[in-house]
Amino acid sequence: MTQGWKMAVVVLAAVGVVSTPLIWLLNSPGAGELAGASIQGAVGIVALVWAVLQHPPSVGPTDRAVRTGKASRGGVSGIRRPGGRGRGRATAERTGEASGENSVSGVDYTN
């Protein structure tokens, strides 16, 4: 969920928790109105908690390597992310051959 949608849900939940139940309860409520106000308040609180607990989307570039050449003598045929750094996706498809010591074909997360 993006930050904009999260804020929209939080604002709407807060309005739902406060508005209608408050109006119902100020106007001498009956049993049905009291039950409705309680349910609407509970749904608003659940929506608020749900929005707060949503994780932000992963941010970062999408690295992609397709049909790369050969890697030899310690080279990389694909994507190198030393130490696993980077927050976006990394995909390698149909990478070339890797020959020689420390050569990698695909995605390299080593230091």
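Residues numbered from 1 in each chain as written. Predicted model: local features only at pLDDT ≥ 70, side-chain atom pairs only at ≥ 80, totals over all residues. Heavy atoms only, no water.

1. Re the overall build of the chain
Logical step 1: Looking only at helices and strands, the chain features two helices and six strands.
Logical step 2: Beginning at the N terminus, the succession of helices and strands in the chain can be written as α-α-β-β-β-β-β-β.
Logical step 3: Sorting the 111 residues of the chain into buried and exposed places 20% on the buried side.
Logical step 4: Considering only intrachain contacts with a sequence separation of at least 6, the fraction spanning at least 24 residues in the chain is 68%. (Helix = DSSP H or I, 4+ residues; strand = E, 2+ residues; numbered from the N terminus. Buried < 20%, exposed > 50% of the residue type's maximum accessible area, 1.4 Å probe, protein only. Contact = heavy atoms within 4.5 Å.)

2. Topic: the environment of Val10
Logical step 1: Here Val10 is to be found in helix α1 (residues 3-26).
Logical step 2: Looking at Val10, the relative accessible area reads 21%, which means it is partly exposed.
Logical step 3: Taking the C-alpha atoms as reference points, Val10 and Val49, separated by 39 residues in sequence, lie 8.5 Å from one another.
Logical step 4: Leaving out residues up to four positions away in the same chain, Val10 has contacts with Leu48 and Ala51.

3. Here we look at a nonpolar patch on the surface
Logical step 1: A cluster of nonpolar side chains, Ile23, Trp24, Leu25 and Leu34, forms an exposed patch at the surface whose accessible area comes to about 370 Å².
Logical step 2: Broken down by element, the residue count for the nonpolar patch peaks at three residues, all from α1.
Logical step 3: Mapping Trp24 onto the fold places it in helix α1. (Patch = residues over 30% accessible without salt bridge, like charges linked within 9 Å, V, L, I, M, F, W, Y side chains within 5 Å. Areas by Shrake-Rupley, 256 points an atom, 1.4 Å probe, with all protein chains shown as cover. Salt bridge = Lys/Arg side-chain N within 4 Å of Asp/Glu carboxyl O.)

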